[in-house]
Amino acid sequence: MNNLLTDYFFLKSLYCMGKEHEVCYDCAYCRARDKNNVKEYFTPPSEINPLFTKIPVVINVFYGDPLLYLLDTIKCLSILKEAHHQGPVIIITKGDMSEKKVIETFDKDWGLKIYFGLSVFGNDEFDSVGTLDRLRTNLKVCQELSKKYTYSYGIEYRPIINGINDSDEVMRQIFMLASYHYTGIAYSGLQVEPELAAYIKEKNLPFTPYEGYEFGMKKNISNEVIDKLKYYSKMYRIPIFKKTS
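Since the structure is predicted, the reported quantities are computational estimates derived from the model, not experimental observations.

About the thresholds
Residues numbered from 1 in each chain as written. Predicted model: local features only at pLDDT ≥ 70, side-chain atom pairs only at ≥ 80, totals over all residues. Heavy atoms only, no water. Buried < 20%, exposed > 50% of the residue type's maximum accessible area, 1.4 Å probe, protein only. Helix = DSSP H or I, 4+ residues; strand = E, 2+ residues; numbered from the N terminus. Pairing = 2+ DSSP bridges. Right-handed = clockwise from strand over helix to strand, strands pointing away. Salt bridge = Lys/Arg side-chain N within 4 Å of Asp/Glu carboxyl O. Disulfide = S-S within 2.5 Å.

Undergrad: What is the right way to read the pairing of strand β6 (residues 113–120) from this model?
TA: Looking down a regular strand, the side chains alternate between one sheet face and the other. Burial analysis of β6 places six of its eight residues in the buried class, the great majority of the element. Bridge count for strand β5 (residues 88–93) against β6 is six bridges, and the pairing is parallel. The residue of β6 that forms the bridge with isoleucine 90 is tyrosine 115. In this region the chain leaves β5, passes through helix α2 (residues 100–106) and returns to the parallel neighbour β6; the handedness of that crossover is right-handed. Handedness of the crossover joining β6 and strand β7 (residues 151–160) through helix α3 (residues 132–148): right-handed.

Undergrad: How should the pattern of salt bridges be read in this particular structure?
TA: As a working rule, side chains carrying opposite charge can pair if their charged atoms are close by. Applying the stated criterion across every chain, the model contains eight salt bridges. As a salt-bridge pair, aspartate 133 and arginine 136 come within 2.7 Å of each other at their nearest N and O atoms. Here arginine 136 and aspartate 133 lie together in helix α3, a separation of three residues that amounts to about one turn. Looking at aspartate 133, the relative accessible area reads 53%, which means it is exposed. Between glutamate 156 and arginine 158 there is a salt bridge whose closest N-O contact spans 3.4 Å.

Undergrad: Sorry if this is basic, but what is going on with the state of the cysteines here?
TA: Disulfides are covalent bonds that connect the sulfur atoms of two cysteines. Evaluation of the coordinates by the stated rule reveals zero disulfides. In this structure cysteine 142 is a free cysteine whose sulfur lies 18 Å from that of cysteine 76, the closest cysteine sulfur available.

Below you can see the structure in the form of structure tokens.
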């Protein structure tokens, strides 16, 4: 095993496994756009330190959805199963959970504590994949899977963009679905790196920061929108979180 730290990928509170890909859903707001830096990370955390058997691992969180590249996701699951990983295994996706090949992958006991973070954007014009209809479908599938295995699931409502997907109509539907399925919601604003800023300008996309803020690395949301999130959280008795972790 190579002991160089550069052979592993950590986020702030998650260990990452999987592969960066060259093709994804091409969402207009994607911050990973033009990242032609394909790398692979398939080492289980327990090989770094046996204590890491219990840390949270996120699978294929790089460019390319974990269900779009299902074989790489299966490879990660197989490695973690063989390593007897005990911590949560997180799969954040906007892919179609009802596809036959996906059902065949997850409708079995992997011996892992799998958590599905189901992404939703709520504006079909700028994201034809992370739709409310897709969220409804995926929630139903995860509900059935969680009855059989040690699987859990939640909603990833992000990125919230000024005037694009932060309306009461969109927000209410997302919270209603969360309430029906007794699950929480993680949310965040839009992170704009220089590459994405250039793309927004080139395509003349109507993405603007909230008043009093500027686009940048911080995922800023206005206090008004945060207050609405808190309002619906209280109304529907749904916990909300600023981060998946």
